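Observations on the model geometry
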Amino acid sequence: MSVENNAWKLATRPDGDIKQSDLEWVAETLPDPAEGEICVRHVYLSLDPTNRIWMSDIDQYMPPVAIGEVMRGGTLGVVEASNVNGYAVGDMVSGMGGWQKYTVGPANAWQVLPKDTGLPMTAFMGCLSFIGMTAYFGLLDICDPKPGETVVVNAAAGAVGSLVGQIAKIKDARVVGIAGSDDKCKWIKDELGFDEAINYKTENVLEMLKQYCPDGIDCVFENVGGQILDDQLTLMNNFSRIALCGLISTYNDLDAPGPKMFRNILMKRIMVKGFIVSDYMARAQEAMADLGKWMMEGKLQYRVDVRPGLENAPQVVNDLFVGANTGKLMIQISDE
Ligand SMILES: NC(=O)c1ccc[n+]([C@@H]2O[C@H](COP(=O)([O-])OP(=O)(O)OC[C@H]3O[C@@H](n4cnc5c(N)ncnc54)[C@H](OP(=O)(O)O)[C@@H]3O)[C@@H](O)[C@H]2O)c1
């Protein structure tokens, strides 16, 4: 059963925002799966800020996507054909299928998702996934907030940030979120239980942080960088911690300057640790058990922002860089 595939392949390295012409839409016939291989029909494609990093030829945590290679991306899919025990036709699987409709390849690159959970398939991209693990380990392993401490998280209404704030509340911290619209601020405060929210597009972040963090900042979960990082550094306490998860404000601008308040890392003896979620893969079950439990208990909510059509991926991915997504951004490629 060979399949007709469509894929986005990287054609050129973007300069600034991703343009459709940076990718090439190709059609090709895939072979039948060989021994040890499966054919996966992709249902959901994860669109992530790091897609932009992978397109750049810079020193990074994985090799950049090569010119002519299918664009890398996380996917959820359904097994259509299998030559491997443990992978049955109809199983839901997750893996790095890339920006394409099908994958034929080694089964061990895919994880079979648990059955009969009662959860929608999108939960395995929006929360019970690398997204939930990023929030969980970045906050609990690096920031390690104590009850009553003040945690600040930016991109706070996004996929990772919205979970970070809720987990910090579960751990009895005070949480201040920074996000880019009044609606997002209202959602994280009124529905997710953040203590305070700052709209960085309309408010003076430094002044609002002074107001909302009268005892200073103990933990920062950093997703953005730039001026917001400087404002937070200004108010951090002695021996405070920063989980450096992302720097989205710089991904389209490789010449963006570093923080002006870098000196406070010395003055306040701040612990700053960059991390990539894959560093924690061996501990995935620990995160999944807690995230799943908190979801069942109604303590952890997540939002997904599902857009139709693989052909739209190059335009839609840019929504991450202007805040036009509400929750985990993904493309629906085929029916569940
Ligand atoms: N270290 C890891 O392993 C790991 C894993 C996953 C994600 N990450 C990082 O975590 C961060 C969030 O990723 P996500 O997947 O959860 O995406 P997301 O937060 O759902 O979407 C990105 C959000 O970033 C905000 N943003 C974009 N440009 C900005 C700017 N110039 N200044 C301030 N805010 C800006 C926008 O929200 P507003 O409307 O609020 O502006 C946008 O909605 C990213 O930096 C990503 O690279 C790291």
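Residues numbered from 1 in each chain as written. Predicted model: local features only at pLDDT ≥ 70, side-chain atom pairs only at ≥ 80, totals over all residues. Heavy atoms only, no water.

Some thoughts on the domain arrangement of the protein chain
Test applied: The domain limits used here are those given by an automatic or database domain assignment. Residue contacts are defined here by distance: any two heavy atoms, one from each residue, within 4.5 Å place the two residues in contact. Put simply, buried area is the surface a 1.4 Å probe can reach on two separate parts but cannot reach once they are joined, added for both. Here, a salt bridge means any side-chain nitrogen of Lys or Arg that lies within 4 Å of a carboxyl oxygen of Asp or Glu. By the criterion applied in these results, polar contacts are pairs of N or O atoms within 3.5 Å in which, for protein atoms, one can donate a hydrogen and the other can accept it, and in which residues neighboring in sequence qualify only through two side-chain atoms.
Segmenting the protein chain into domains produces domain 1 (3-118 + 303-332) and domain 2 (130-278). Contacts between domain 1 and domain 2 engage 17 residues on the former and twelve residues on the latter. Here domain 1 packs against domain 2, burying approximately 1300 Å² in sum over the two surfaces, 64% of which is carbon and sulfur. Summed over the shared surface of domain 1 and domain 2, the result is zero salt bridges. Where domain 1 touches domain 2, the interface holds four residue pairs in polar contact (both at pLDDT 80 or more).

Here's the deal with the environment of Gly 68
Note the threshold: By definition, any uninterrupted DSSP run of H or I lasting at least four residues is a helix, any uninterrupted run of E lasting at least two residues is a strand, and each is numbered from the N terminus. Under the scheme applied here, a residue whose accessible area is under 20% of the maximum for its type counts as buried, over 50% as exposed, and between as partly exposed, the area being computed with a 1.4 Å probe on protein chains only.
Checked against the element boundaries, Gly 68 lands in the loop between α1 (50-55) and β4 (75-82). Take Gly 68: its relative accessible area is 44%, and that puts it in the partly exposed class. The spatial distance from the C-alpha of Gly 68 to the C-alpha of Leu 23 is 8.8 Å, given a sequence separation of 45 residues. Excluding anything up to four places from it in sequence, Gly 68 contacts Lys 9 and Leu 10.

Topic: the site of the ligand
Selection rule: Near residues are defined by distance, with any heavy atom within 4 Å of the molecule or strand qualifying the residue. Computed with the Shrake-Rupley method and a 1.4 Å probe, the accessible areas treat only the protein chains shown as cover for residues. When residues are grouped by polarity, Ala, Val, Leu, Ile, Met, Phe, Trp, Tyr, Cys and Pro land in nonpolar, Asp, Glu, Lys and Arg in charged, and all others, Gly among them, in polar.
Within the structure, the ligand sits among 27 residues, and Lys 184, Tyr 200, Asn 223, Val 277 and Asn 325 are positioned closest to it. Within the side chain of Tyr 251, a nitrogen or oxygen atom sits 2.8 Å from an oxygen atom of the ligand. Its free accessible area being 910 Å², the ligand has 91% of it covered by the protein chains. Counting residues per element, the ones that place at least two in the shell around the ligand are α3 (130-143) and α4 (159-170). Of the residues contributing to the shell around the ligand, the split by class is 17 nonpolar, nine polar and one charged. When residues are assigned to domains, the shell around the ligand turns out to be shared by domain 1 (3-118 + 303-332) and domain 2 (130-278), each giving three or more.

Re the layout of surface pockets
Short version of the rule: Every definition here rests on a 1 Å grid over the protein atoms only: cavities are sets of points where a 1.4 Å probe fits but cannot get out, pockets are open sets enclosed by protein on both sides within 12 Å along at least five of seven lines, and lining residues have some atom within 4 Å of a point. Grid points are joined across faces, edges and corners, and a volume is the space filled by probe spheres set on the points.
Quantified by volume, the second largest pocket comes out at close to 290 Å³. Along the walls of the second largest pocket sit 19 residues, with Gly 226, Leu 229, Pro 257, Gly 258 and Pro 259 positioned nearest its centre. When contributions to the lining of the second largest pocket are tallied by element, the ones reaching two or more residues are α7 (226-234) and β12 (236-244). With five residues, α7 is the single largest residue contributor to the lining of the second largest pocket. Classifying every residue of the lining of the second largest pocket gives eleven nonpolar, six polar and two charged.

Points about the environment of Gly 193
Note that Gly 193 resides in the loop between α5 (182-191) and β10 (196-199). With relative accessibility at 32%, the residue Gly 193 sits in the partly exposed group. On a C-alpha basis, the gap between Gly 193 and Asn 5 in space is 44 Å, while along the polypeptide they are 188 residues apart. Each residue touching Gly 193, except ones within four places of it in the same chain, is listed here: Lys 169 and Ile 188.

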